[in-house]
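Structural overview for review
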Amino acid sequence: MPEKTYAPLSDLSTPPALSLARKTVTVLFFLAISLALWWSYDVVSVGSTPARVYTYVPASASAQEILRRCNSFNARPDPSVLASLGPKRTISDRYDPGKQNMSYLITNATIFTGMKNEDGSVKIITGSDLLMTNGLIRAIGRDVPRDLLSVIDSRKLSVIRANGSWVTPGLVDVNSQLGVFSSPPLRASNDFDSKKGPILPWLRSIDGLHTRDNNFELAMAAGTTSAQILPGSSNSIGGEAFVVKLRRTAEGSAVSMIVDPPHGLNSTRGKGLDQEEPMRWRHLMQSCSEKTRRYGNRMDMMWSLRSAYHEARLVMQAQDAFCAKAETGIWDDSRAQVPDDFQWDLLLDVLRGKVKVTSDCSEAIDLDNMIRLSNEFGFPLDIFLHASEAYLVPALVNGSDAGTPAIALLSTGYHHSRESYRGSEFAPAILASRNFSVIMTTDGLIVNSRQLIDEARKAYHFGLSEDLALASVTSAPAKALGLGYRIGVLEEGYDADVVMWDSHPLQLGASPVHVWIDGMRQIPLIKESGRSTYSSGTISGVEESVDPDETRQNAPGQPSYEKETRETLNWDGLPPLMGLPEESRVVFRNVKEVWKKGRDKIEESFLADKETLGTVIVENGKITCVGTSEDCALVPSNERTVDIDLQGGSISPGLLTFGSPVGLEEIDSESSTSDGDLLDALSVNIPNIFNDVGGMIRAFDALVFDTRHARMAYRFGVTTATSSLSKPHQLYKNDDRMIWGLSTTFRTAASHVLEPGATIQTDTALHVRITRPRFDLNGPPAVSVSSQLAALRRLLYGWESRDTDTGLWFRKAAEGVIPLIVEVESADIMASLILLRHEVDGKIGGQMRMVFIGATESWLLAKEIGQARIGVILTSLKPVATKWDERRILPGPPLTNQTALGMLLDAGVSVGIGVQHPQAVMETRFQLSQVLHEIGASLSPREVYGLATTNLEKILGVKGIEPESADLVAFAGGSAFNLSSKVVAVISPQRGLVDLL
Ligand SMILES: *[C@@H]1O[C@H](CO)[C@@H](O)[C@H](O)[C@H]1NC(C)=O
């Protein structure tokens with residue numbers, strides 16, 4: 001064995017348990033044992049039918065075996081061999097139907113195949129059939145060969161008449177923590193990132209994958225069928241990732257979920273020696289994200305990465321030198337051992353081109369660092385994840401010697417960290433125009449696993465083409481993961497991972513009706529054995545029919561954001577986002593609909609009849625005429641007039657947002673840009689200088705204007721915000737407290753607090769949070785719920801002097817002078833709060849205005865909450881349980897007919913919708929649209945609009961948005977509910993102008 005020379009590794013990159021010396025000894029010991037045992041065995045049945053059998057050969061053996069091993073070093077997964085597998089297959093290696101063994105024939109569907117036509121467009125077949133048997137797509141097209149059908153027992157064939165419904169490949173998520181961040185999360189099931197060091201290529205996500213994660217079902221119900229499970233992005237090298245299918249297998253193991261188990265997954269030697277099966281790709285997760293800063297700065301990170309790759313390269317060079325000798329027949333037979341190092345196994349495969357590498361790198365500096373690393377060591381970069389600045393430096397990203405990586409992104413949700421600060425909603429379209437492969441992803445707790453298709457929808461709204469938007473969650477991720485030969489497209493011989501939708505998949509609120517994985521139907525879920533968390537009834541029989549929503553079978557129209565896209569590029573990602581104030585006369589033409597604010601609801605003030613669209617005249621920010629073009633004919637004059645064509649658009653009141661700290665911080669992850677830490681009265685003594693046990697604070701004192709979040713909110717029609725100092729919980733931070741002080745209401749367009757009209761209500765409501773301890777608690781023990789409730793009771797009873805702010809404001813809340821907004825998720829805690837409210841009302845004789853925000857489990861108490869006249873503000877319309885307190889979610893379609901929102905409304909509860917993160921405020925209009933389609937006919941569009949305007953105001957006690965002075969938002973090309981529309985202007989009577997956006 002040749003001498004190994006190890007470069008000194010920094011402490012950072014050495015696993016604590018394994019010193020270098022010990023590691024070398026361990027490896028040698030292992031080699032010796034393996035030599036002595038001369039082992040050879042057949043193993044690994046992967047639990048599918050038919051079983052896969054791999055044969056492994058010992059590392060060191062006869063000359064012949066050494067040569068075979070040497071050969072295997074250079075064997076790589078061969079895309080052309082893999083590609084030829086598809087059409088040949090007649091039964092899937094993953095098919096394990098048990099007794100069911102059904103075939104499915106979908107007839108008369110509109111199929112997005114994901115395959116390319118000769119002209120480069122994506123093949124879409126209308127009026128098409130699709131036959132699934134044995135886990136595969138057996139036939140697709142206008143007529144399925146009769147002989148294929150005739151061999152199928154008719155009792156084993158289920159026919160689904162699609163009546164034109166859209167059918168797509170199952171969605172593929174490259175950025176998933178399903179299973180490793182299992183839901184509901186508990187301390188003992190949190191396996192998604194290791195704190196043992198920055199370089200951990202020996203970790204494998206599959207070893208921490210919980211197959212009972214409730215989110216698997218939720219993600220499948222949202223159309224996702226495969227996901228790359230990443231082992232954490234807080235390490236420079238997080239470990240080996242695995243691409244799994246989300247269905248529960250008969251075996252129930254994590255390994256049986258892997259799409260293509262790499263050879264030798266469960267052996268320590270002899271990888272790649274399989275003779276029968278073509279070699280499969282492995283997957284690596286590495287990161288240069290901000291989260292790795294817990295191990296040092298960028299220079300530290302790059303050194304830890306370089307030293308790790310250097311180590312692996314030394315081993316590779318030793319292997320190559322050894323093999324070069326072996327191949328010429330020169331070696332000392334009796335002592336011959338192939339050099340190896342178990343610890344660097346995965347990186348060796350990376351260097352040998354056998355691994356699809358995902359790198360979580362955002363800023364240009366990080367992309368550059370990673371590309372230089374890749375060029376230095378000669379390994380591929382397949383996916384740049386969260387590459388928020390890639391669109392600004394395309395030439396740089398093209399500069400990897402090993403080819404251009406695909407770019408995986410979120411559509412929106414930027415500006416919350418330095419690395420996402422220059423991110424843009426236009427990035428997917430810009431990158432696509434530069435021929436990058438664009439992948440849309442989810443993002444852990446912020447954009448949960450149910451929202452993948454929503455990311456594609458928004459990317460489409462902001463300019464990505466229909467084809468590419470659908471490809472960005474199907475074929476593009478499948479291809480980047482090396483699995484494009486079996487998933488991500490619909491074609492004969494491919495895995496039968498299929499989704500049938502109730503509307504065009506890019507329509508907001510469109511939902512899967514049926515989902516198949518490996519030709520086995522997963523959605524609707526049938527509750528057979530109590531294994532599934534959510535059941536949704538029974539399958540009707542062998543003949544089924546789907547009733548698509550005829551009005552939503554086409555992709556929505558796409559507004560033009562050309563100007564905004566150009567500006568974004570010109571300003572290097574930070575366009576000023578300011579409007580152009582217009583104080584003269586503005587005439588809006590081709591207006592379809594005008595809504596205005598009434599006292600407590602949205603009123604219609606104009607609706608164009610079918611033929612003729614209307615005209616709205618605005619002078620000094622005030623509407624002076626609404627009607628037909630004759631009604632509002634302009635008297636010719638010298639006055640300057642700005643003409644705006646709304647193209648059938650609408651004018652409606654500006655939206656209100658609540659729930660996030662918008663307006664109180666610039667960049668969430670940079671404490672120097674925020675208000676700072678708050679004192680928690682339940683765990684520290686409030687300093688004497690307050691002379692106030694509760695340490696009451698006012699968000700008004702912390703307002704910062706002109707933040708990017710606020711400007712974005714404004715540009716998307718959210719003209720007013722109520723913010724409190726309460727912040728969303730961050731993983732591993734003990735940042736819960738009970739008292740969050742007083743919220744404030746302000747205009748998102750204001751430049752500073754002294755500007756006239758900047759604040760609408762200095763003190764809006766009193767905010768508390770009642771929560772159980774977090775599973776991820778780090779630091780001092782959390783204060784119990786019982787203690788929190790005891791403290792709240794005492795404060796509401798008025799036992800604190802009214803000379804202090806705490807005494808004063810809690811007294812006001814108890815008397816109902818201001819609302820008490822309680823952030824709470826658990827139904828049990830809500831029930832306790834309802835009792836507490838009765839007690840307090842009884843004692844004080846007031847009418848407390850209690851409101852629950854978050855309130856994931858509120859649907860369980862819809863009736864009681866309605867009777868108690870408690871308002872509810874929901875902050876997630878597609879929730880997943882991120883803590884125990886919210887584990888009982890009502891998922892909504894297609895798993896349940898009802899949604900939490902619908903149940904609350906049915907019970908007569910006063911409901912509003914809010915958000916948790918400031919970057920999500922701009923999406924309020926998309927949320928409303930989703931509600932409109934989920935709620936169906938039970939709520940009129942104006943009532944839905946009220947959820948983020950009049951209802952929310954009433955619940956929060958916002959009084960200052962007077963109908964006469966309220967901002968109005970002009971949407972061109974549709975209403976606030978259509979993806980086809982965009983905000984073009986804000987009409988502001990209070991400022992006496994129209995802001996042209
Ligand atoms: C196929 O679906 C379309 C759209 O719903 C419908 O008009 C047509 O009649 C259907 N064709 C058959 C053969 O069922």
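Please read all numbers here as calculations on a predicted model, not as lab measurements.

1. Observations regarding the overall build of the protein chain
Of regular secondary structure, the protein chain possesses 23 helices and 38 strands. Once the C-alpha set of the protein chain is aligned to its principal axes, its extents read approximately 95 × 75 × 60 Å. Across the 997 residues of the protein chain, 61% fall into the buried class. For the protein chain, long-range pairs separated by at least 24 residues make up 74% of all intrachain contacts whose partners lie at least 6 apart in sequence. Per element, the accessible surface of the protein chain, about 37,800 Å² overall, is 51% carbon and sulfur. Between the mean site of the 98 positive side-chain charges and the mean site of the 118 negative ones, the protein chain shows a separation of 3 Å.

2. Observations concerning the sheet that holds strand 31 (residues 766–769)
Strand pairing in a sheet relies on backbone hydrogen bonds, with the paired strands running either antiparallel or parallel. In spatial order, the strands read 28-31-32-33-34-35; together these 6 strands make up an open sheet with mixed pairing. Taken across any chain shown, the strands that pair with only one partner, and hence form the sheet edges, are strand 28 (739–742) and strand 35 (911–913). Strand-to-strand twist across the sheet, computed as the mean angle between neighbouring axes with direction ignored, equals 20°. Judged from the 3 bridges that link them, strand 34 (residues 871–874) and strand 35 form a sheet pairing that is parallel. Of the residues in strand 35, the one forming a bridge with Leu-874 is Ile-913.

3. A word on the site of the ligand
Close contacts around the ligand come from Asn-108, Asn-163, Gly-164 and Glu-550, and that covers them all. In this structure, Asn-108 approaches the ligand through a side-chain N or O atom, which is 2.3 Å from an oxygen atom. At 2.9 Å, a backbone N or O of Asn-163 approaches an oxygen atom of the ligand. Computed on the free molecule, the ligand has an accessible area of 360 Å², of which 32% lies beneath the protein chains in the complex. Classifying every residue of the shell around the ligand gives no nonpolar, 3 polar and 1 charged.

4. Structural notes on the pattern of salt bridges
The full count for this structure, using the stated rule, is 61 salt bridges. In this structure, Glu-363 and Arg-418 form a salt bridge, with 2.7 Å as the shortest nitrogen-oxygen distance. Taken together, the positions of Glu-363 in the loop between strand 12 (355–360) and helix 8 (364–377) and Arg-418 in the loop between strand 14 (406–409) and helix 10 (427–433) put the pair 55 residues apart, joining distant regions of the chain. On the accessibility criterion, Glu-363 (4% relative accessible area) is buried. Accessibility expressed as a relative area gives 48% for Arg-418, which makes it partly exposed. In this structure, the salt-bridge partner of Arg-888 is Glu-857, at a minimum N-O distance of 2.8 Å. With Arg-888 in the loop between strand 34 and helix 20 (900–906) and Glu-857 in the loop between strand 33 (850–854) and helix 19 (862–867), this pair connects stretches of sequence that are 31 residues apart. Assessed through its relative accessible area of 29%, Arg-888 is described here as partly exposed. Owing to a relative accessible area of 0%, Glu-857 belongs among the buried residues under this scheme. Sharing partners across several salt bridges, the network here consists of Arg-89, Asp-93, Arg-94, Asp-96, Lys-245, Arg-247, Asp-260, Arg-280, Arg-486, Asp-495, Asp-497 and Asp-518.

5. What about the state of the cysteines?
Across all of its chains, the model carries 3 disulfides by this definition. Note on cysteine connectivity: Cys-70 is disulfide-linked to Cys-323, with sulfurs 2.0 Å apart. On the sign convention where negative is left-handed, the bridge of Cys-70 and Cys-323, at about -85° about the S-S bond, is left-handed. Taken together, the positions of Cys-70 in helix 2 (residues 63–74) and Cys-323 in helix 6 (residues 298–327) put the pair 253 residues apart, joining distant regions of the chain. Assigned by exposure class, Cys-70 and Cys-323 land together as buried. In this model Cys-288 forms its disulfide with Cys-361; the gap between the sulfur atoms is 2.0 Å. Residues Cys-288 and Cys-361 are joined by a disulfide whose S-S torsion is about 120°; by sign, that bridge is right-handed. You can see Cys-288 sitting in the loop between strand 11 (282–287) and helix 6 and its partner Cys-361 sitting in the loop between strand 12 and helix 8, a full 73 residues away along the chain. Among the residues examined, Cys-361 registers a relative accessible area of 0% and is labelled buried.

About the cut-offs
- Residues numbered from 1 in each chain as written.
- Predicted model: local features only at pLDDT ≥ 70, side-chain atom pairs only at ≥ 80, totals over all residues.
- Heavy atoms only, no water.
- Helix = DSSP H or I, 4+ residues; strand = E, 2+ residues; numbered from the N terminus.
- Buried < 20%, exposed > 50% of the residue type's maximum accessible area, 1.4 Å probe, protein only.
- Contact = heavy atoms within 4.5 Å.
- Areas by Shrake-Rupley, 256 points an atom, 1.4 Å probe, with all protein chains shown as cover.
- Lys, Arg positive; Asp, Glu negative; His and termini not counted.
- Charge placed at Lys NZ, Arg CZ, Asp CG, Glu CD.
- Pairing = 2+ DSSP bridges.
- Axes fitted to C-alpha atoms, helices over the stretch in contact; angles between N-to-C directions.
- Near = heavy atom within 4 Å.
- Polar contact = N/O pair within 3.5 Å; in protein donor to acceptor, adjacent residues only side chain to side chain.
- Nonpolar A, V, L, I, M, F, W, Y, C, P; charged D, E, K, R; others polar.
- Salt bridge = Lys/Arg side-chain N within 4 Å of Asp/Glu carboxyl O.
- Disulfide = S-S within 2.5 Å.

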